[in-house]
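Residue strings, one per chain:
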Amino acid sequence: MKHIQRESDKAKATAAANRLISLGYNVISSGYGNVMVNVGTDSHRIISVNHADVDAFIAQYAIAQI
């Protein structure tokens, strides 16, 4: 049963990564529930975002850019 949950989390992370990519974010990888996003101009600003927190990340990052 745990394997099914891990695969479900992986699918959700992949969907979240695809959403971020479509919005122009630089997604480095997605794994079991998390997405690694490079938010800087170099590779020193990498953030791990849980698939459930993608909407909040998008909103918070957009506000920070203003």
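Structure: see above.
The next point concerns the pattern of salt bridges. Going through the model one piece at a time under the given rule, you end up with one salt bridge. R19 is paired through a salt bridge with D55; the nearest N and O atoms lie 2.3 Å apart. On the criterion of sequence distance, the pair formed by R19 in helix α1 (residues 2–22) and D55 in helix α2 (residues 54–64) is long-range, its members being 36 residues apart. Judged by relative accessible area, R19 falls into the partly exposed class, the value being 39%. Among the residues examined, D55 registers a relative accessible area of 51% and is labelled exposed.

This part covers the nonpolar core. Counting residues in each nonpolar core, the largest one holds 14 residues, and the members touching the most others are L20, Y25, V35, V37, V54, F57 and I58. Beyond its immediate stretch of four places on either side in the chain, V35 contacts A13, A16, A17, L20, V27, S29, S30, I47, S48 and V49.

Basis of the calculations
- Residues numbered from 1 in each chain as written.
- Predicted model: local features only at pLDDT ≥ 70, side-chain atom pairs only at ≥ 80, totals over all residues.
- Heavy atoms only, no water.
- Salt bridge = Lys/Arg side-chain N within 4 Å of Asp/Glu carboxyl O.
- Helix = DSSP H or I, 4+ residues; strand = E, 2+ residues; numbered from the N terminus.
- Buried < 20%, exposed > 50% of the residue type's maximum accessible area, 1.4 Å probe, protein only.
- Core = buried A, V, L, I, M, F, W, Y, C linked by side-chain atoms within 4.5 Å.
- Contact = heavy atoms within 4.5 Å.

Purely geometric stuff here, so don't read any function into it on its own.
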